[in-house]
Amino acid sequence: MSDLRRRVASWDVLVVLLTVVVLVTAAGVVENFGTSRNATFLVLDLLPIALVALPMTLIIVTGEIDLSVASTLGLCSAVMGLLWNNGLSLESIIGICVLLGAVLGVVNGFLVTALGLPSLAVTIGTLALYRGLAFVVLGDGAVADFPLAFTGWVTGTIGGTPIPNVGIPLVVLAVLFGVALHATPFGRSLFAIGANAQAAHFSGIRVARTTFWLYVLSGAVAGLAGVLWTLRYSSARADNGAGLELAVVAAVLLGGVSIFGGKGTLPGVLAGVVLLAALQNALRLEDVSGQALNIVTGVLLVASVLLPNIATSIRTSWQRRRLRRAAAQ
Amino acid sequence: MVRTSRKIVTAGIAALFVAGLTACGGTTKDDAATGAGNQAAASADPNAKLKEGLKIAFLPKQLNNPYSDVETSGGETAVKELKGEYKKVGPNDASASSQVSYINTLIQQQQDVIVVAANDPNAVCPSLNQARQAKIKVVTFDSDASPGCRDAFINQATTQGIGESLVKMAREQAGGAGEIAILSATPNATNQNAWIEVMKTELAKPENSKLKLVKTAYGNDDDQKSFQEAQGLLQSYPNLKVIVSPTTVGIAAASRYVSSSSYKGKVAITGLGLPNQMREYVKDGTVKKFALWNPADIGYLAAFAGAALSSGQISGAEGEKFTAGKLGEYTVGKAGEIVLGPPTEFTAENIDQFDF
Amino acid sequence: MSSLATAPAAALQGLLRARELGIVLALAALVAYTAAGNPRFLSGQSIRDILLNTAILAVMAAGQAVVVITRNIDLSVGSVLAVSAFGVATLMSANPSLPIVVALLAGLAVGAACGLLNGVLVRYGRVPALVVTLGTLYIYRGVTYSWAGGQQVNADELPPHFLRFANDSILGVPWLVLIAVVVIGGVSLMMRNYRLGREMYAMGSSPQAAELAGIRVARNTIGAFLLSGALAGLAGVLFAARFGTVDAAAGTGYELNVVAAVVVGGVAVFGGSGTVWGAGLGALLLTVIGSALAVLDINQFWQQAIVGALIVLAIGADRLVAVRIAGSLRKRDSHV
């Protein structure tokens, strides 16, 4: 019973419920929100954030952070444009871009795990570095002549359903990440590292190696997101995805992952992503300016940590009072 | 445990690669057929009446840009005259992808006409074509999208005319000879690049042989960036006589820098600017002459063109005629282009007659 | 005994000094190289422009350095700058007769209020600084956008004495630069010589130990955020005066430059070490790099990449120094 109450009261469950409430309310209240076409747009809009949030969740669960993801996305997009202009086949370019993302992740992982540098500072550095390189590669120009077969596939839907084709890789990856985090020893080791890296190390977990591979994974997924971003807007540009890292971190924290590591669920994070995207979509349909969304995002982000903290302190003070009463009797 | 973790990670990466490398047919740039084909133009009925109650939405490059505010204000006036519903939406940053979400929203809201200034001629194309499939007429202004994905384009003036006028002003200010530099918007801005091309052709002519274009700098239509680029130009080229800035943000920033620096009076600024922003610098002597068309007229004409398209008066084919309220009759040119008219030149004598 | 205790401390101080010395050397080399390529880089106007461009960043870096030294971070500074810049510009265009001091105080006050909220949330809400200031980065920016509603304040709407303030100088030193120097100097002094400053270093080195030692951690944490906010607010006023055109997007992305300046300037991201004037040097170095690239006609797109590489290099170097110090301390201990 008390376990159930704790489950219900935990933030990630609340976020899932809140997301459902927002979706249902918006479908009822906001004109054109519930249409199938809008569902397609919604999924397309949240796709890059959702993709990048998957490995980000794992990294933050281990108590680290990767702020360079959006720049990795941008650099992969720029390289994609460059290689396309040089006449490579798009299929191999896509492979190269994902590989490039993984290599950029290797750099992050090396700096963080082998040199023991703080991940926040390292990835702020590589955020600037990768974005800068993206501009060096492609300048301010854009490469736009990607074949319709590919760009059309990215924006297209499966058969007659409103589900976009790109929903498939998203669902596959989400399931893979979810299982890995919540149903394998590997996932449990991540929580252990996040709770106490030293203790995890002494209990036989190879902390550095695990963290290293998480950065590689994060880079590869960001590279894939860069490919999909480029194809969706049929435009390879160095500034693609600028600022996305903040939206991703916001969504992950909103989903109930602790910035200190050791706590969080993937369903909570996905709910956080959907919640932000749905609010944005609904507000835009209601002609509320995008500015208002900035405020909503910020408030939700702070509230996602603040409210559970307040709830905990209320609960502990209750418990204390109850104990005191019990002692008095 | 470690082995499992590595397995999972490697498997994940492998899966990504498989996804990336499937269908290794090899699609390269050479065999790619890109761009959506132009939709079959519907037949136009020149005598059709303009519909009332049309929902006309304006989507400028970004919201807080004084120039596009003036443009869309003209659009608002026109929509009022047409007894339609006016709406203006847009992103806070002039990025290519942020406009797409707004176009999608406008499709959802079932607008009749979308009037858009494209941040990237190609990135907005798929969405604009979706809009046209949903029977929404698409008019571009200010900065064109690929001709394949819009019905008409409102061109503020002919590219040739603007380029010639910019070189003429530069020659006057330089006293016929000397170094000049260009402070443009972004390096891939459609308009500015076309004008700069014409300028280069003009500069190659014998009467301009003494003018030397030393550099084209890019301020990205960002006030601070343009300000700093102007600084950089003056530092790098001590003999610079004239900075030509074919963008309202750039000319204002460059004028502000020069008016407050030791270069005032030595270096002339000219180009395309808004009278309200430039009044101060014209009065204090930093700027002698600059030019622009009336931006409000662009929005006005765009709204009427959209209404004419939506009412079936025109289809966007060359040679069709329609009447745009107070501006009079216009003819659709090649590839759906509608040209507003020649630019106005502003000097200390006439600047107070204009308020935009 | 006492000599043994002071020797590592002296070595440590020497190394730290070497850290700032490194930046000075890098600066000198960069300036020399650039000036060799284009002597006008050292002209009065050019130096003036560089210092003016540094001033705003340096003022923000001073506040950020204090926050980082206490083992926190303030990502909201760019947005605070926007609130303040837009607020002050609106104030001055509505009341053109207000003296410049009022504008400066208004900016400081707006910034301090924003910083206070950050500090309270961090300390009493027990929300990590990264989360709080990431949240308020969005919130303050959103507030500015809603307030501005797409409007911008143009140079011709601002009173001339306000705009002149950005270009006027006293004894040949522009006001903006003077303000930046005073801020850097004052905050450096506070951190170096006063109890409050030393307490902040202690908090950054070990928050638990500081609390146990009776340091008023709550007051100091809130004070650090208050200072960072107030200085970002001040930077907003300088921004408005310098650029004359202010819209809601002012200072977007500045937080990154400010953090970069602080890190390049030798302040450790995990608190407890580094100096405020080092952060000021970091700001100067970043600005000079930008100007040098423009003057040397190097593709400006390299700038961001270079800044990124510098950050990584700086924290790598700090790590190396820290490992060396730890090693030498251990060795001395074993001798005793």
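Residues numbered from 1 in each chain as written. Chains lettered and ligands numbered in written order. Predicted model: local features only at pLDDT ≥ 70, side-chain atom pairs only at ≥ 80, totals over all residues.

Colleague: I'd like to hear about the overall build of chain C, residue by residue, with values.
Modeller: Regarding its fold elements, chain C presents 13 helices and two strands. What you see for chain C is a C-alpha radius of gyration of 21 Å, in line with the 20 Å of a compact globule of 336 residues. The proportion of buried residues among the 336 residues of chain C is 54%. Restricting the contact set of chain C to residue pairs at least 6 apart, pairs at least 24 apart contribute 80%. (Helix = DSSP H or I, 4+ residues; strand = E, 2+ residues; numbered from the N terminus. Rg over C-alpha atoms; globule rule 2.2 N^0.38 Å. Buried ≥ 20, exposed ≤ 12 C-beta atoms within 10 Å, placed from the backbone. Contact = placed C-beta atoms within 7 Å.)

Colleague: Talk me through the overall build of chain B; I want residue IDs and the actual numbers.
Modeller: Scanning chain B from terminus to terminus reveals ten helices and 14 strands. For chain B, buried positions account for 56% of its 356 residues. In chain B, the proportion of contacts linking residues at least 24 apart, taken out of those at least 6 apart, comes to 74%.

Colleague: Got a sec to walk through the interface of chain B and chain C? Specific residues and values, please.
Modeller: In this complex, chain B contributes 19 residues to the contact, which on the side of chain C involves 23 residues. Of all the secondary structure elements, the ones that give two or more residues to the side of chain B that touches chain C are α7 (223-236) and α9 (275-283) of chain B. The element best represented in the side of chain B that touches chain C is α7 of chain B, accounting for seven residues.

Colleague: Got a sec to walk through the packing of helix α8 (residues 167-182) of chain A against helix α9 (residues 185-195) of chain A? Specific residues and values, please.
Modeller: Residue and element names in this part refer to chain A. Two numbers describe how α8 lies on α9: the axes approach to 5 Å, and their chain directions differ by 65°. The angle between the axes of α8 and α9 places the two elements in the roughly perpendicular class. Along its contact with α8, which presents Ala180, Leu181 and His182, the element α9 presents Phe186, Gly187 and Leu190. Of the residues contributing to the contact of α8 with α9, the split by class is four nonpolar, two polar and no charged. (Axes fitted to C-alpha atoms, helices over the stretch in contact; angles between N-to-C directions. Parallel < 35°, antiparallel > 145°, perpendicular 65-115°, else oblique. Nonpolar A, V, L, I, M, F, W, Y, C, P; charged D, E, K, R; others polar.)

Colleague: Account for helix α3 (residues 36-61) of chain A, with residues named and values stated.
Modeller: All names here are of chain A. Helix length check: α3 (26 residues) gives 35 Å between terminal C-alpha atoms against 38 Å at 1.5 Å per residue, within 8%. Residue Leu47 marks the point of greatest curvature in α3, where the axis turns by about 45°; the proline Pro48 follows within four residues. Burial analysis of α3 places 21 of its 26 residues in the buried class, the great majority of the element. Positive phi appears at Gly63, one or two residues downstream of α3, with a value of about 90°. (Expected span 1.5 Å × (residues − 1). Bend = angle between axes of the 7 residues up to and from the residue.)

Colleague: Outline the packing of helix α3 (residues 77-94) of chain C against helix α4 (residues 100-123) of chain C, listing residues and values.
Modeller: All names here are of chain C. Contact pair α3 / α4: the axes reach a minimum separation of 9 Å and the direction vectors enclose 145°. Taken as a pair, α3 and α4 cross one another with a handedness that is right-handed. Contacts between α3 and α4 involve Val80, Val83, Ser84, Gly87, Val88, Leu91 and Met92 from the first element and Ala103, Ala106, Gly107, Val110, Gly111 and Cys114 from the second. (Left-handed = near helix turned anticlockwise from the far one by under 90°.)

Colleague: For the environment of Val24 of chain A, give the residues involved together with the corresponding values.
Modeller: Residues and elements named next belong to chain A. Along the chain, Val24 falls in helix α2 (residues 11-29). When the 11 C-beta atoms within 10 Å are taken as the criterion, Val24 is described as exposed. Taking the C-alpha atoms as reference points, Val24 and Asp287, 263 residues apart in sequence, are found 19 Å from one another.

Colleague: Lay out the sheet that holds strand β9 (residues 268-271) of chain B in plain terms, naming residues and giving numbers.
Modeller: Residue and element names in this part refer to chain B. The four strands lie next to each other as β7-β6-β8-β9, forming an open sheet whose pairing is parallel. The open sheet has two edge strands, β7 (211-218) and β9, and neither has a second partner. Strand after strand, the sheet turns through a mean of 25° between neighbouring axes, direction not considered. With four bridges connecting them, strand β8 (residues 240-245) and β9 associate as parallel partners. Considered in β9, the bridge of Ser245 is made with Gly271. Relative to β9, helix α8 (residues 248-259) is tilted by about 170°, and along the sheet it contacts β6 (178-184), β8 and β9. (Pairing = 2+ DSSP bridges.)

Colleague: Residues and numbers for the sheet that holds strand β4 (residues 137-141) of chain B, please.
Modeller: Residue and element names in this part refer to chain B. Read across the open sheet, the six strands follow the order β2-β1-β3-β4-β5-β13; overall the sheet is parallel. The open sheet has two free edges, formed respectively by β2 (85-88) and β13 (337-339), since each of these has just one partner strand. Strand-to-strand twist across the sheet, computed as the mean angle between neighbouring axes with direction ignored, equals 20°. Its contacts with the sheet place helix α2 (residues 66-81) against β1 (55-59), β2, β3 (113-116) and β4, and it is angled at close to 165° to β2.

Colleague: Account for the nonpolar core, naming residues and giving values.
Modeller: The biggest cluster of nonpolar side chains holds 337 residues, and the ones touching the most others in it are Val115 of chain B together with Val59 and Ile311 of chain C. Counting contributing residues per domain, this core is built from domain 1 (55-156 + 295-340) and domain 2 (159-292) of chain B, each supplying no fewer than three. With residues near it in sequence (within four places) discarded, Val59 of chain C still touches Ile179, Ala180, Val183, Leu231, Leu234, Ala235 and Leu238 of chain C. (Core = buried A, V, L, I, M, F, W, Y, C linked by C-beta atoms within 7 Å. Domains from an automatic or database assignment.)

Colleague: Would you mind going over the domain arrangement of chain B in detail, with residue names and values included?
Modeller: All names here are of chain B. Domain annotation of chain B identifies domain 1 (55-156 + 295-340) and domain 2 (159-292). The C-alpha centroid of domain 2 is placed 29 Å from the C-alpha centroid of domain 1. The partner domain 2 presents seven residues to the six residues of domain 1 that form the contact. Classifying every residue of the side of domain 1 that touches domain 2 by side-chain character gives four nonpolar, one polar and one charged.

Colleague: Describe the pairing of β6 of chain B, naming the residues involved and giving the relevant values.
Modeller: Residues and elements named next belong to chain B. Within β6, five of the seven residues are buried, leaving the element largely enclosed by the surrounding structure. Two strands pair when backbone bridges link them, and β6 and β7 are joined in this way by seven bridges, in the parallel orientation. Across the sheet, the residue bridging to Ile180 is Leu213, located in β7. The pairing of β6 with β8 spans four bridges and is classified as parallel. Within β8, the residue paired with Ala181 across the bridge is Ile243.

Colleague: Could you give me a rundown of the confidence of the model for chain C, with the residues and numbers involved?
Modeller: In low-pLDDT segments, the atomic positions of the prediction should not be examined closely. Residue and element names in this part refer to chain C. Mean pLDDT for chain C: 85, with 93% of residues reaching 70 or above. When pLDDT is averaged over each element of chain C, α4 comes out on top at 95 and helix α1 (residues 2-37) at the bottom at 70. Low pLDDT, under 50, characterises residues 1-5; the predicted model gives this stretch two contacts beyond four residues in sequence or across chains. Note on the complex model: pTM 0.80, ipTM 0.81. (pLDDT = per-residue confidence, 0-100.)

Colleague: With reference to specific residues and values, describe unusual backbone geometry.
Modeller: Of note, Asn32 of chain A is a non-glycine position whose phi angle comes to about 75°, a positive value. By secondary structure assignment, the location of Asn32 of chain A is in the loop between α2 and α3.

Colleague: Residues and numbers for the environment of Lys321 of chain B, please.
Modeller: Residues and elements named next belong to chain B. Within the secondary structure, Lys321 is located in strand β11 (residues 321-323). Here Lys321 falls in the partly exposed class, since 13 other C-beta atoms lie within 10 Å of it. Put simply, Lys321 and Ser236 are 85 residues apart on the chain and 50 Å apart in space, counted from C-alpha to C-alpha. Apart from the residues within four sequence positions on either side, Lys321 is in contact with Pro46, Glu329 and Thr331.

Colleague: Give a description of the confidence of the model for chain B that names residues and reports values.
Modeller: Here chain B averages 84 in pLDDT, and 88% of its residues register 70 or above. Across residues 19-24 of chain B, where pLDDT falls below 50, the model places eight contacts with residues more than four positions away in sequence or in other chains.

Colleague: Lay out the environment of Gly152 of chain A in plain terms, naming residues and giving numbers.
Modeller: The residue Gly152 of chain A is located in helix α7 (residues 148-155) in this model. Sequence spacing of Gly152 of chain A and Gly95 of chain A is 57 residues, and the spatial spacing of their C-alpha atoms is 19 Å.

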